[in-house]
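Residue-level structure breakdown
Given next are the chains, with one letter for each unit.
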Amino acid sequence: MTFKQKIKSHYQYLLSEKINELRFMISDLAQDAQNDAKGSAGDKHETALSMMHLEQEKLNQKLAEIIGQKNSVDKIDADAIHTKVALGSLVQTNEMLFYISAALPKVQLENKTIIAVSPQSPLGSQLMGKSLGDEVVINTNRFQIKCIE
């Protein structure tokens, strides 16, 4: 398994775990609301149900976002060789190692720190289409592309 395949696999695992966690939380809230509905009445009860419903909506929005990120990562061909930065590229710069996929938390693999950026992010959009040796500047940080996988 190549390093790029390991990165993709790791992010797929993290996103799957987050999806399962959110689904469990949503299910738990639905069950709590159902149980609460059986034995209570009054303003206090209505407020509690409304709060649970709002929390459930927030969790459903977060779930949809995470599923979208996972779909983006799933579409990446980790075997593709890139000469220009594109979706799925692993970009080594003078400063950091970037994985062009989705905006995800940075991870440590094989003693390397990988920062996942989406192609739509300010840095991602500047990196897209660049070649070996090109430079991008974000704020005051200069990133020179040393390697593209």
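Residues numbered from 1 in each chain as written. Predicted model: local features only at pLDDT ≥ 70, side-chain atom pairs only at ≥ 80, totals over all residues. Heavy atoms only, no water.

A complete count under the given rule lists 2 aromatic pairs for this structure. Seen from their ring centres, Tyr 11 and Tyr 99 are 6.2 Å apart, and the 0° between their planes marks the pair as stacked. Residue Tyr 11 is located in helix H1 (residues 3-39), and its partner Tyr 99 is located in strand S2 (residues 97-100); the two are separated by 88 residues in the primary sequence. A ring pair is formed by Phe 98 and Phe 143, whose centres lie 5.5 Å apart and whose planes are at 85°; its orientation type is edge-to-face. With Phe 98 in strand S2 and Phe 143 in strand S6 (residues 141-148), this residue pair connects regions lying 45 residues apart in the sequence. Residue classification places Phe 98 among the buried residues on the basis of a relative accessible area of 2%. Above the face of the Phe 3 ring, Lys 112 is positioned so that its terminal group lies 4.9 Å from the ring centre. (Phe/Tyr/Trp six-rings, centres within 6.5 Å; stacked < 30°, edge-to-face > 60°. Helix = DSSP H or I, 4+ residues; strand = E, 2+ residues; numbered from the N terminus. Buried < 20%, exposed > 50% of the residue type's maximum accessible area, 1.4 Å probe, protein only. Lys NZ or Arg CZ within 6 Å of the ring centre and 35° of its normal.)

Pairing is mixed across the open sheet formed by 6 strands, whose spatial order is S3-S4-S2-S1-S6-S5. Only two strands of the sheet have a single neighbouring strand rather than two, namely strand S3 (107-109) and strand S5 (135-138). Here the strands of the sheet are splayed against their neighbours by 40° on average, with no regard to which way each runs. As judged from the 3 bridges shared by S3 and strand S4 (residues 112-117), these two strands associate in the antiparallel manner. Opposite Gln 108, over in S4, you have Thr 113 as the bridge partner. (Pairing = 2+ DSSP bridges. Axes fitted to C-alpha atoms, helices over the stretch in contact; angles between N-to-C directions.)

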